[in-house]
Structures are given as C-alpha cells and as structure tokens.
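Below, each chain spelled out in residue letters.
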Amino acid sequence: MAGLAAHLVDIAGLDLAKQRTLLELRLRLLRRQFEREPGRIVGFVLLLVFVGPFVLLMAIGTGVAYRLAPQPWPAQLLAGVLVALWLAWIALPLLAFRTNEGLDLSRLLLYPLRTRDLVASALIGTLFDIPSYLTLPFFIAVFVGWSGQPLLYIVIAPALLIAYVLMMVSGQLVLTAGAGLLRSRRFRDLVIVFFSLLGSSCYFINRVIEGWIRAVDAADLQRLQPLLFLRWLPPGACAQAIASAAQGAWGEVLLWLAYAVGWLALLLWMWWKLLLRMTTGAAAWVPSIFEAKKPQRRPQSLSERIAAFVNTWLPAPATATATKELKLIWRVPQRRIGLLQSVVAPFVLMLAVFVGDIEALGRLPEWTALALPGVMLFSTWGLSTNMLGIESKGLATLLLTPAPRWQIFAGKGLAYLFTALLPTAVYAGILAVTSRSAFIVYGLIAAVAMALIVTAVNTVAAPYVTYPFDENSPTRQHAGGKWLTGVAQVLGVPLAIFIVSGPATAPLMLGVWWNRPEVAGVGVLIGLAYAAGVCGVAIRWAGAQLTRREPEVLEAARAIDF
Amino acid sequence: MKAIEAVQLTRTFGAKVAVDHLDLAVEEGEFYGFLGPNGAGKSTTIKMLVGLLRPTSGQVRIVGIDIWKHPLEAKQQIGVLPEGLALYERLTAREFVRFVGAMYGLSAAEAARRTDELMELLDLDIDADKLIVDYSQGMRKKTALAAAIIHTPRVLFLDEPFEGIDAISGRVIRNVLQRLRQRGTTIFFSSHILEVVERLCTRIGVIVQGRLVAEGAMSELRRLAQIGEHSTLEDVFLRAVAAADGQALEASERSLSWLD
C-alpha cells in the first residue's frame, strides 16, 4: 500500500518527503487540539454519540429512499444530498478555521514548497477532516440504494469520486480565497454574533419552517423536481449522470460527467491560481468593509456623557467601571450576544406566543406580568455570570489599581442592570399599553428586583467561582475551570437565586394568584427595597472577599502567566 | 524608609522553587535594574512584589506598607507595566488609559487631560481611538506604559518596557523615566537589553535560579566579578550567572555543529 502511494506520488511529480512531513504536521496539529484542551475530547465524543447516529440514520434513510421511493424521487433526493454535502464542505472548514491551524495554508508560504505539493497536501489532509467522515455514510448509501442495478456502479463510482473531489476542491478554494477575510477580526466578530443569534432563534426558525411545510402539499412536491436546477451545480451534475444511467441514456451520462469534470477543472484552476498568487507575495485580501475604519474622534461619546452625569453622585471608580463594562458588553462578541439575546429573546417569545393571534396582545392574562422577572432573570444572569473571568487579560490591570473592590462590583452591577433593563422596559411598555393592566407595571418593578438579586448572587459568587474567558474564542466561554466551579455555577448559583429571589417576586405572584393588584403593588415595592438591600450587602461582602483572594482569582481566570 | 523591601520572599510551584528566600531592598529614588536569565524568577518576583502572586512565604513592603496586609494602600503607591501587558483589548488606548486614571482616583477631567498628553508624547495620538486588539506589540507596550504612569506613582515596576519599542519611542520613554526619577519615583526595571540597563540604572540586582547572586552599582559589580573597569554589564552578568550556574556559561559558548 505504501509502495503504491509512493508510486502515485511519483507519477504526480510530488515530493514524497515533503508530503510525508506535511501529513505528519496535519495529524500532529489535529492531535494537539485535543491534548491542549481535553474538553474537546468530551465534545468530540458527544458529537460521535449524538450526531454520529443521527448522520448514520439520515444516510440509511437516503439509502432506503433510493431503493424504495417511486420515480423520479431517488435521483431528486440524490441531487439534494450531494448539493447539501457540497455546501457542508464549504461551510464547515470556514467555521473550523480558527481552531484548526492545519487548515491555514498561508502558514506554509514561508517554506520552499511547490504549489502542487501544497495542493496535494491540502487534499490529502482533508481525508482526516470531519466533512470526509460525514460524506462516507451517504456515499455508501448510494451504492446500497442502487444495489438492485449493479451495472450502474460503473457510473456511480466515477460520479461519486468526481463529486468527492469537487467537494474537497471547493472547500479548499473557499478557504484559500477567504483566508484574509477569516483572519480579519471584524469578520470573526460578526460570525460569532451571527451564529449565536442563529442558535437563539432556533425556535422561531422552526415555527417558520413548520408553517412552510404545512403550506406545501404532495401535488406541489410532485411538480418541484429540484434536480432540474440542482444538476447545473457541480455535484448535482454527478447526480444527473447517475439518473441518466438509471434511465439508460448513456450519451447523457457522458455529457453530464464531462460537465462535472469541467467544473472540477475550473475550480482546481482557480484554486491553483490563488495559491500561486499567495506564494508569489500578494497578501491575502480583505474586503474593505471588513477593514478597520479610520476612527472618528467624538468630543464625548454617549457613554462618557452618561458617566459624567452619573459621576456627580457615584464614586469615580464605580462610574469608570460601569462605563467600561457598557463598552465591552457591546464590543466583545460573546458579551454582545448576551445583550442581543436580552433584546431578541423576549421578541421571539412574544412572536412565538402571539403569531397568528396578534389581538391576543390586547387581552393578556394577568400572569403575563410574571414573564417580566423571568426575562430579567435570564438577561442579567447571562450578563453577570463569571463577572471577573470575563475581564479576561484586563483583570490583572483592574486588580493592580487601588480602587475599592466594592466600587468595582457596584459599577459592574450598574452596567448589567442598565443593559438588561432597557429592552425589558420597552417590552413592558408595549405590553402595558396593549393590555392596560397594572400588573405589567408591577411586573416591571419585580423584574428590577430580580435583576438586583441575580447581580447580588453572581457578585457573591465572583471571588470564588471564576473561570477563564477567551474573548477571541468562537465559543462563549473558554473551557478550563475546575469541576467544583462548574458544579457551583450549574447548581449553586441557580439554587441561591431561587431562594434569595423569593421575597422579591412572591408579592407579584400572590397578587396575580389572588387577582389583588394592591397586594402586588405594595408588595413589589417592598420586594424592591429588599432586593436593593441584598445587593448592597452582597457588593460590600464580595469586595472584601476579592481583596483577600486576588491572586487566587487571577489564577482561576488565567489572567496572568505563571 | 525603603521604597521596596522583600524579606525572605519565597515562591514554590509544586516541587520547583521559583524564588528562593529572596532579600531585596530598593531605596527611594533609585533606578533599580533586575536581571536574570530566562526562567530565573524575575517575573515571579515582580508579581509577588506588586500583589498579583501570593508568596509561599516572606514579606513585601512598598514604601513601608505591607502589600499583603494592606493591598489597596500599597497599590495606591505603585504603577506596573506587567509582563503580559494586561490590556482591555476591546477598549481604545485613550479609553483604557482614562479608565486606569479614574481607578487611581484621578478626576475625569484630569484623567482625560493626562491621557491626551501621554498619547501625544508616546506617538499614539493618531491611533488612540482604535481598539487595542488591532495594535502592534509596540503600540500595546506604549499603551500599558501610559497606564502605568498616568497617576505619577511613587514606585514604578516595569517588566521588559523596551521590548518591541522603536528607537525614537525608546528615547522618549527613557526621558520620561528619567523625569519621573528626578521627581522622586523609584523605578524597578527588568529587561534583557543590558545596554539600556547599564545606561539607566543606579543599582542592579542579578537573580539566578530564584536567588539574588549579585547586587550593587556597576562599579561594585565589576569589583565583585573581578573584571576590568571597562567591562560591560554583559560581562558582569555572564560572570555572575556562571558563578551561580556553571551550565549557563557553558551553554552560552555552544555553537552549531554544521557551522563549524
């Protein structure tokens, strides 16, 4: 086998020693991803355990459909599957670019490597990437599905081989073309926010798709014939070749295969040209919209104006911390997600409940008021979790200053309250106007109390429950905290919030239950005072604890190297 | 009263002794250079002196204040340029330095005024409103330095302040440090660039494997090392390191077999 591979490498005019070195490098980088972050192994195992069977089931399903579905559906489905896989080959490496150094060919440009060796090593390397493992079951399903017509294998085998190489080359082309873009910080920030919002909107997207599916009937599906337009895409042409072979149109088979090979040649040529351009010195380009704009110097930004106003009655460190937090909540992508979710999530919730029955907004039941503390609970929780870890590298600077630590916590709390309250207040306003219910106003007051309680609990936890946060990581928080931290975060904090928030939210619940607005009205004001007191005590206590534990907190956050 | 005092300062990481019963004293107004080979314990020592890393044992006093008993009072007196810079990367340089100024108790107006001056002096004014995440290493270093001195600290700790800095900015920084020293600021300075250390420092300490193996003014160090009065700090340093760690000197003499 090794001899055959060496012979093939020779025929292709490749350098065997360099191919071996590049392959070893690729495999080592792949292994190191798991060694450096053992949590990835867990993620990979979970992927295998949950996604693996799902992919296998889908592949089996397609195989059964190829075998048993009435004409012309097998070919239609095959075209859809091949095109979907092709799109996955393009999208998945883009998502993995930041974490898989092996995908970045530009790092090899320093070395005397011929373009053909670069191309070959990239293609060989893709054999070890996730898209290859995703593709294999679906390809096997094609063979199984058409096992009733074994003569077709003489078309299926080359068609699938062409499709596979098309997928590999397309993925590499997009990676190479987008290399500069992928390294652009602004693009990465956008991708992080986009995909996180996409995840948050899953429920809404599901509802929309359900609506579309209900609207489509069998007759419409019969007329659809996706193969008619998918066959003009490279992998679709391979599906059409197989469909033509099944119909006995052998002339068409050759034409469609030639068309697919033509696409392959074009994509390969484009990739080759890009690589040549990279190797001969032209820097990878970044579209100008993703280049950092020349900053506009404003005399005083909005946050600075607010800070100047607030400074008159708050200590300077608290105001400075609040201003800084507000800026970072917007500018750090993972933290911006928290802000956007607090804006988007209630909107999605309202749409999900009221879509199709918008008049229901005018006859809201009283219990709707209880949703407001719930919304504030999740908004504030997301913003204030790991409030020292999210300082990231800046934590060391913060703890080098002599600012009283309780003022730091106070500033953070103010920023979280403001950020969470603003969208909630807007939604409460809409609900209050449409429902004309006093309970909504009481719900908003209880929501403020809830925000104070959540902030208080997370503030108390902060000196003891801190873990690293990498603001440049695609995932929200960098895995690396101790298991006890995880237990405290997942169990301890929610339990504490549940217990401590009881007196603040109980008056509203009782008022709604008994339908006594006056009970709710007086009760939530008392609850607010209680929550403010709890928050004040928590901030002072946590400040003292932080002063005693600063080196331990820095170590837990990995804010400095040791 | 000493500006910086470390008494039997020790730090271990498991079985490894990174700093081994270090005794160190720096007078007020001194420009103290702290040298050592890689892994000698310089950064570990500085982190313990400024309150970022808890010593295994020993005491640290900054202008007479025990930093581990009264951390906030001690930190009011110091400015630090740490090894990792510790910047808020999603703030602009202007925002970051103003923020630090406010955290040291400067009024917003005073912090803004001093920040603008620092940005201009350190040649950051054109880029002062760009995010730090987009800065080069030299620009980040200058931003961190601006933040370290905005409040005119009594004691300034600098860990590799000239790394990644161009010659012009380096001259500006040296002038600023000299002015600070003239106003009475004590400067504790760690660097691998021995020529700069030799030129600026009034006293130098050499740490090897966690121990202070040599300390004094250049003339004293030459005498201790028993080498000529025109020998450089590099000669003194190598001699001091060799005396403490023979393998280090041997390592410095090694070459590559294919170059012979």
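Because the structure is a prediction, the values reported are computed rather than measured.

Caption draft 1: Looking closely at the overall build of chain B. Counting secondary structure elements, chain B contains 10 helices and 10 strands. For chain B, the C-alpha radius of gyration of 19 Å lies close to 18 Å, the compact-globule estimate for 260 residues. The dimensions of chain B, computed from C-alpha atoms along their principal axes, are 55 × 50 × 35 Å. Scored against the burial criterion, the 260 residues of chain B give a buried share of 49%.

Caption draft 2: Geometry of the interface of chain B and chain A. The partner chain A presents 31 residues to the 34 residues of chain B that form the contact. Sorting the residues of the side of chain B that touches chain A by element identifies helix 2 (71–76) and helix 3 (93–103) of chain B as the ones contributing at least two each. Among the elements that line the side of chain B that touches chain A, the one with the most residues is helix 3 of chain B, at five residues. Here the residues of the side of chain B that touches chain A sort into 20 nonpolar, five polar and nine charged.

Caption draft 3: Representation of the environment of Arg211 of chain B. All names here are of chain B. Here Arg211 shows up in strand 10 (residues 211–216). Take Arg211: there are 17 C-beta atoms within 10 Å of it, and that puts it in the partly exposed class. Among all residues touching Arg211, those that are not within four sequence positions of it are Asp20 and Leu22.

Caption draft 4: Inspection of the environment of Gln76 of chain A at higher detail. Residues and elements named next belong to chain A. By the secondary structure assignment, Gln76 is in helix 4 (residues 73–96). Spatially, the C-alpha atoms of Gln76 and Pro226 are 6.1 Å apart, while their sequence positions differ by 150 residues. When sequence neighbours within four positions are dropped, the list of residues in contact with Gln76 reads Gln225, Pro226 and Leu227.

Caption draft 5: Representation of the nonpolar core in the model. Counting residues in hydrophobic clusters, the biggest one holds 161 residues, and the most contacted among them are Ala446, Ala449, Met450 and Ile453 of chain A together with Phe96, Phe157 and Phe188 of chain B. Of all the elements, helix 21 (residues 438–461) of chain A adds the most residues to this core, at 18 residues. With residues up to four places along the chain from it excluded, the contact list for Met450 of chain A reads Pro373, Met376, Leu377, Ser501, Ala504 and Thr505 of chain A. The next biggest cluster of nonpolar side chains, apart from the first, holds 49 residues, and it includes Trp89, Phe138, Met168 and Ala237 of chain A.

Caption draft 6: Expanded view of the environment of Val174 of chain A. Here Val174 of chain A shows up in helix 7 (residues 153–177). Considering only alpha carbons, one finds Val174 of chain A and Tyr66 of chain A, 108 residues apart in sequence, at a separation of 31 Å.

Caption draft 7: View of the sheet that holds strand 2 (residues 16–27) of chain B. Residue and element names in this part refer to chain B. Judged by pairing direction, the sheet is antiparallel, and its four strands sit side by side in the order 2-1-4-5 without closing on themselves. Edge positions in the sheet fall to strand 2 and strand 5 (65–66), since each has one partner strand and no second. In the packing of helix 1 (residues 42–49) onto the sheet, contacts are made with strand 1 (2–13), strand 2 and strand 4 (57–62), and the angle to strand 1 comes to roughly 120 degrees.

Caption draft 8: Broad picture of the sheet that holds strand 7 (residues 155–159) of chain B. All names here are of chain B. Strand order across the open sheet formed by six strands is 6-7-8-3-9-10, with mixed pairing between neighbours. Since the sheet does not close on itself, it has two edges, and those belong to strand 6 (78–81) and strand 10, each with one partner. Between one strand and the next, the sheet's axes are offset by a mean angle of 15 degrees, whatever the strand orientation. Both strand 3 (residues 31–35) and strand 9 (residues 203–208) contribute to a ladder of four bridges, which runs parallel. Bridged to Leu35 within strand 9 is Val206. Where helix 5 (residues 137–149) meets the sheet, its contacts fall on strand 6 and strand 7, and the angle it forms with strand 6 comes to roughly 175 degrees.

Caption draft 9: Main features of the confidence of the model for chain A. Per-residue confidence for chain A gives a mean pLDDT of 80; residues scoring 70 or more make up 74%. Taken as a whole, residues 282–289 of chain A scores under 50 in pLDDT and shows 11 contacts with residues more than four places along the chain or in a different chain.

Cut-offs applied
Residues numbered from 1 in each chain as written. Chains lettered and ligands numbered in written order. Predicted model: local features only at pLDDT ≥ 70, side-chain atom pairs only at ≥ 80, totals over all residues. Helix = DSSP H or I, 4+ residues; strand = E, 2+ residues; numbered from the N terminus. Rg over C-alpha atoms; globule rule 2.2 N^0.38 Å. Buried ≥ 20, exposed ≤ 12 C-beta atoms within 10 Å, placed from the backbone. Contact = placed C-beta atoms within 7 Å. Nonpolar A, V, L, I, M, F, W, Y, C, P; charged D, E, K, R; others polar. Core = buried A, V, L, I, M, F, W, Y, C linked by C-beta atoms within 7 Å. Pairing = 2+ DSSP bridges. Axes fitted to C-alpha atoms, helices over the stretch in contact; angles between N-to-C directions. pLDDT = per-residue confidence, 0-100.

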